[in-house]
Amino acid sequence: MKKMKSALAAALLLSVGAAQAVSVSGQAGQHYTHLGVGFGTSSPGLVTTLNWAHSDNDGDIAGLGLGFNLPLGPFMGTVGGKALYMGPKDGDEGYALAVGGGLELPMGRYFALYGDGYFSPDSLSSGINDYTEANAGLRLNVIPLLSVDLGYRYMAMSGKDDHRDNVVADGPYIGASLNF
C-alpha cells in the first residue's frame, strides 16, 4: 500500500507540472455520486485524473487515470488507463487496471458531446471478476470557468467466488465542473 501511495504522489507531481488546466467536477445520479479532479483534460497532451464514485447500495470505486489527449479533426480523443481500488458492498476489496479512452466533440461555442469507456478483464483484476465503466453526455459551457453536464454513467464490478455483482452507477446524472 505504501508503494502505491508513493507511485500515486509521483504521478500527480509529474502531471501537475505539465498540465495546462485543472478541472474539479461533481455528478449526482439517483443512487450514486461521482467526484473527480483532472489535470490537462481539455488540452492535447498528458492527462491525469482522480475519481471517486459511491453508491449506498453497491460500494465505492476510487481511481487514478493516466492518458494522452490527441486532437482528431474536430474531436479530442483520449487513450489511457486507470488504476482502480474496488470496495464492493458485497464481496472482497480489490484492485484493477482498466484500459480505454474517450471522445469529445465540440458543437459550437457552448455545447459538446462526450463519451468514454474503460474495461478491466479478470486477468487485470483482483477481488472481482471484471470491471466495466461507460459514460456519455452533453456538456453546456456556461462560461469558461463553469460547465454543466447531463449524461448517463454505468460502473459495474462483476462478483467473484459466489459474490454478487455490484453496480455502483447505472443511470442518468447531472453534474458541474469548474475549470481553472
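Definitions and cut-offs
- Residue positions are given per chain, counting from 1 as you read along its sequence in written order.
- Predicted model: local features are reported for residues with pLDDT of at least 70 only, side-chain atom pairs are reported and counted for 80 or more only, and whole-chain, interface and lining totals are derived from all residues.
- Working from all heavy atoms in the structure, the side-chain values ignore hydrogens and water.
- Looking at any residue, its pLDDT shows the predictor's confidence there, from 0 to 100.
- Contact criterion: two residues are considered in contact whenever any of their non-hydrogen atoms come within 4.5 Å of each other.
- Here a strand is any run of E in DSSP of at least two residues, a helix any run of H or I of at least four, and the numbering for each starts at the N terminus.
- Each polar contact in these results corresponds to two N or O atoms within 3.5 Å; when the atoms are within protein, one needs to be able to donate a hydrogen and the other to accept it, and residues that are neighboring in sequence are counted only if both atoms are side-chain atoms.
- The buried label goes to any residue with under 20% of its type's maximum accessible area, the exposed label to any with over 50%, and the partly exposed label to all in between, with areas taken from a 1.4 Å probe on protein chains only.
- Only residues whose relative accessible area exceeds 30% and that take part in no salt bridge are eligible for patches, with like-charged residues grouped when within 9 Å of each other and nonpolar side chains (Val, Leu, Ile, Met, Phe, Trp, Tyr) grouped when within 5 Å.
- Note on areas: these come from Shrake-Rupley sampling with a 1.4 Å probe, and a residue is covered only by the protein chains present in the view.
- Every case where a carboxyl oxygen of Asp or Glu lies within 4 Å of a side-chain nitrogen of Lys or Arg is listed as a salt bridge.
- DSSP calls a pair of strands paired once it identifies at least 2 bridges connecting them.

1. Comments concerning the confidence of the model for the protein
Mean pLDDT over the protein stands at 88; residues scoring 70 or higher make up 89%. This stretch, residues 15–19, has a pLDDT under 50; its non-local contacts, to residues over four places away or in other chains, come to 5 contacts.

2. As for the environment of Tyr152
Mapped onto the elements of the fold, Tyr152 is located in strand β10 (residues 146–158). The spatial distance from the C-alpha of Tyr152 to the C-alpha of Gly171 is 5.4 Å, given a sequence separation of 19 residues. Apart from the residues within four sequence positions on either side, Tyr152 is in contact with Ala134, Asn135, Ala136, Asp170, Gly171, Pro172 and Tyr173. At a separation of 2.5 Å, a polar atom in the side chain of Tyr152 contacts the side chain of Asp170.

3. Details of the environment of Gly115
Mapped onto the elements of the fold, Gly115 is located in strand β7 (residues 111–120). Overall, the relative accessible area of 24% leaves Gly115 in the partly exposed class. When the C-alpha atoms of Gly115 and Leu138 are compared, they prove to be 9.0 Å apart, with 23 residues separating the residues in sequence. Not counting chain neighbours up to four residues away, the residues in contact with Gly115 comprise Gly102, Leu103, Asn135 and Ala136.

4. Overview of a nonpolar patch on the surface
Residues Val24, Met107, Tyr110, Phe111, Leu113, Leu138, Leu140, Val142, Ile143, Leu145, Leu178 and Phe180 make up a contiguous nonpolar surface patch of about 1,000 Å² in total accessible area. For the nonpolar patch, the secondary-structure elements that each account for two or more residues are β7 and β9 (130–143). With 4 residues, β9 is the largest single contributor of residues to the nonpolar patch. For Leu145, the location among the structural elements is in the loop between β9 and β10.

5. Some points on the pairing of strand β2 (residues 33–39)
For strand β1 (residues 22–29) and β2, the ladder comprises 7 bridges, and the chain directions are antiparallel. Bridging from a neighbouring strand, Ser25 pairs with Gly36 of β2. The antiparallel pairing of β1 with β2 creates a hairpin that spans 3 residues between the two strands. Where β2 and strand β3 (residues 45–55) come together, 7 bridges link them in antiparallel fashion. Its bridge partner lying in β3, Gly36 is registered against Asn51. Joining the antiparallel neighbours β2 and β3 is a turn of 5 residues, in which Gly40 adopts a positive phi near 75 degrees.

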